[in-house]
Structures are given as structure tokens and as C-alpha cells.
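# Coordinate inspection notes
Okay, here's what each chain looks like letter by letter:
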Amino acid sequence: MYPQIEILGITIYTFGLALSISFILFFFMLYKLSEKFGINANFFLGNVLWFFLSMFVFSRLFYIVAEWRDFQFLWSQGILKFLLMSDYNFSLMGGILGFMVVLLFQLKRFMISSRKYIDAIVLAFLFASIIGFIGAFFGGQIYGRPTDSFMGIAATSDGSNTPYTSPMFPLALLYSFVSFFLFFCLYLIRKFTKIEGLVGYIGILLFSIILFSAEFYSGGTDIFKAYVFFNLNQIGSVFLFFLGAHWLHRIYKEV
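Reading the values: the criteria
- Residues numbered from 1 in each chain as written.
- Predicted model: local features only at pLDDT ≥ 70, side-chain atom pairs only at ≥ 80, totals over all residues.
- Heavy atoms only, no water.
- Helix = DSSP H or I, 4+ residues; strand = E, 2+ residues; numbered from the N terminus.
- Buried < 20%, exposed > 50% of the residue type's maximum accessible area, 1.4 Å probe, protein only.
- Contact = heavy atoms within 4.5 Å.
- Areas by Shrake-Rupley, 256 points an atom, 1.4 Å probe, with all protein chains shown as cover.
- 1 Å grid on protein atoms, 1.4 Å probe; cavity = no way out; pocket = protein on both sides within 12 Å on 5 of 7 lines; lining within 4 Å.
- Points joined across faces, edges and corners; volume = space filled by probe spheres on them.
- Nonpolar A, V, L, I, M, F, W, Y, C, P; charged D, E, K, R; others polar.
- Phe/Tyr/Trp six-rings, centres within 6.5 Å; stacked < 30°, edge-to-face > 60°.
- Lys NZ or Arg CZ within 6 Å of the ring centre and 35° of its normal.
- Core = buried A, V, L, I, M, F, W, Y, C linked by side-chain atoms within 4.5 Å.

Let's shift gears to the overall build of the protein chain. Within the protein chain, the regular secondary structure consists of 11 helices and 2 strands. Taken from N to C terminus, the helices and strands of the protein chain fall in the order β-β-α-α-α-α-α-α-α-α-α-α-α. For the protein chain, the proportion of its 255 residues judged to be buried stands at 44%. Long-range pairs, those at least 24 residues apart, make up 71% of the contacts in the protein chain between residues at least 6 apart in sequence. Carbon together with sulfur atoms contributes 70% to the accessible area of the protein chain, which is approximately 14000 Å² in total.

The structure is reproduced here in C-alpha cells:
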């Protein structure tokens, strides 16, 4: 993996660059899909700063909690050192929760049903995740277990932050491909159905199932996995699964 590259003497962090592009793509797709689905794009664009701050804080906090064995001593160095580090590591579930906190606040504030926006949100998330997971692959933030399979990919960079030198299962690339496949299929389905929320909650359901299953191939071990066998992503995917299943059941009862 290549956590950083140098171009004309300038150091570029691959994961940080990918995250920045993903964030921009996410809100760009929200804007384009809002136009296509006939919803108010300002609902998202007018709160970009709040979404960013909430996602940043929650993703950092969740990552630090999950890796508490390594970061518990940072608290004594002050809140800025605790939150602002140079390793560009974030928690996927923390970022999702951070987005949902602002989203639910705004939905309640304007008394809007989540179904009105969930299709655009999930499709935009899947689209942006394609780049985000590719960046996580090159940055070494997401890596799989060592494998003898032909799919195994070894980290060849001296600066790689993965703990293995042998070929590893390309977990991040799998997530990137799944994100592309789900986005493509769900977008086509959305073109032929007018049931608000159907595509969004199907996407949440499918993504949660794939995330829960694929994390068994993860080469990392956080504090949750050490105690309860499942890591933070798997625990979060269970909640996402029941969220998607609950709302799909409600839609089914109404159709």
C-alpha cells in the first residue's frame, strides 16, 4: 500500500486525498440526485458545514474508542491532540452516525419523513464510497487477512502501515466494487419505481449484510472484536440491518 506519495516535492496522503474527493462527490451526487428526484437540494447543501463537523467528530471518536488500547493515553495530552492526529484514520460507523445526527435533527426540525431523502442519501453514499474505499486500500486503512489465494495483494511500499508483508485479501477493493455494483443496480431500480424510500432502505439492508460478512476477512482487530468477537463495523451493520428491515416492512405494509 502507499500511504503517501510525492509529486514535485509535495507529499500527498492518499487516504486524505481520497476522503476529500469522496466528501465532495457525496454532496455533488446529493445535489444531482435531488434535482432528479424532485427534492430540495438546499436541505443538504445548506448544512454542509454541520454535516462535516459532525461526521469528523463522531468518526474520530469512534475510531479512538475502537482502538482504545493504542490511543487511551492521548487524552492526557489535551482534546486537540486527542481528536486532531496526522494518521487520517476514521471510523466508518462513526461517520455514518455523525451524518445521521444532523440529518435526523433537520428532519425533525422541518417535520419531514426520512423516506423523502433516503434514496438520494444512500445512492450518493455508495457512489462516493467507490473512491473512499480505493483510497483506504492504497492508504492501508482497510486491509484483509493474509491469504494464499490468487487475489492476495502484498504491500510493497516501505512506508506501508499494514502489519503484514505477505499477500493480503484486498478487502477495501471488494468494498469499492460492491459500492459500485449496488449503486449501479439500485440507481436503475430507482428509475423504474416511484416508491420513495424503497431503494434507499434496500441499499442499507444489502450494504449491512455485505459489511457484516466481509469484515470476517479483515486483518485488523479492534477492542470490540477482542471482547465480543465482532468488530465495530459489524456491530454497526447489525443496527443498519434492522433499520433497513424495519422501514422496508413498513413500506411493504403500505403498498
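Here the focus is empty space enclosed by the protein. Here the structure, examined in full by the defined rule, presents 1 cavity of 30 Å³ or more. Estimated volume of the largest cavity: approximately 40 Å³. Phe37, Ile39, Arg115, Lys116, Asp119, Ala120, Arg190 and Glu196 together form the lining of the largest cavity. For the lining of the largest cavity, the leading source of residues is helix α7 (residues 115-139), giving 4 residues. Grouping the constituent residues of the lining of the largest cavity by class yields 3 nonpolar, no polar and 5 charged.

We now examine the layout of surface pockets. Put simply, the second largest pocket is a space of about 210 Å³. Lining the second largest pocket, in full, are Phe62, Met93, Ile96, Leu97, Met100, Leu232, Ile235, Gly236, Phe239, Leu240 and Leu243. Those elements giving two or more residues to the lining of the second largest pocket turn out to be α6 (92-110) and α11 (232-254). Per-element tally for the lining of the second largest pocket: the top contributor is α11, with 6 residues.

A few words on the packing of aromatic side chains. Scanning all chains against the criterion turns up 27 aromatic pairs. Look at Phe58 and Phe62: their rings are 6.4 Å apart centre to centre, the planes differ by 55°, and that puts the pair in the tilted class. One end of the pair is Phe58 and the other is Phe62, both in helix α3 (residues 48-66) and 4 residues apart, which spans about a single turn. Where Tyr201 meets Trp247, the ring centres are 5.7 Å apart and the plane angle is 15°; that geometry is what we call stacked. Of this pair, Tyr201 sits in helix α9 (residues 198-214) while Trp247 sits in helix α11, and the two are 46 residues apart along the sequence. Across the pair, exposure class does not vary: Tyr201 and Trp247 are buried alike. One aromatic cluster is present, built from ring pairs that chain together Phe23, Phe26, Phe27, Phe51, Phe52, Phe56, Phe90 and Phe99. A cation over an aromatic ring shows up here: Arg60 above the ring of Phe90, its NZ or CZ 5.1 Å from the ring centre. A cation over a ring is seen here: Arg190 above Phe37, with NZ or CZ 4.1 Å from the ring centre.

The next subject is the nonpolar core. It is characteristic of soluble globular proteins that their nonpolar side chains tend to be buried jointly. Formed by 47 residues in total, the largest nonpolar core has its most connected members in Leu30, Phe44 and Phe51. Where this core is concerned, the elements lending two or more residues are α1 (14-37), α2 (42-45), α3, α6, α7, α8 (171-192), α9 and α11. When residues of this core are assigned to their parent elements, the largest contribution, 10 residues, is made by α7.

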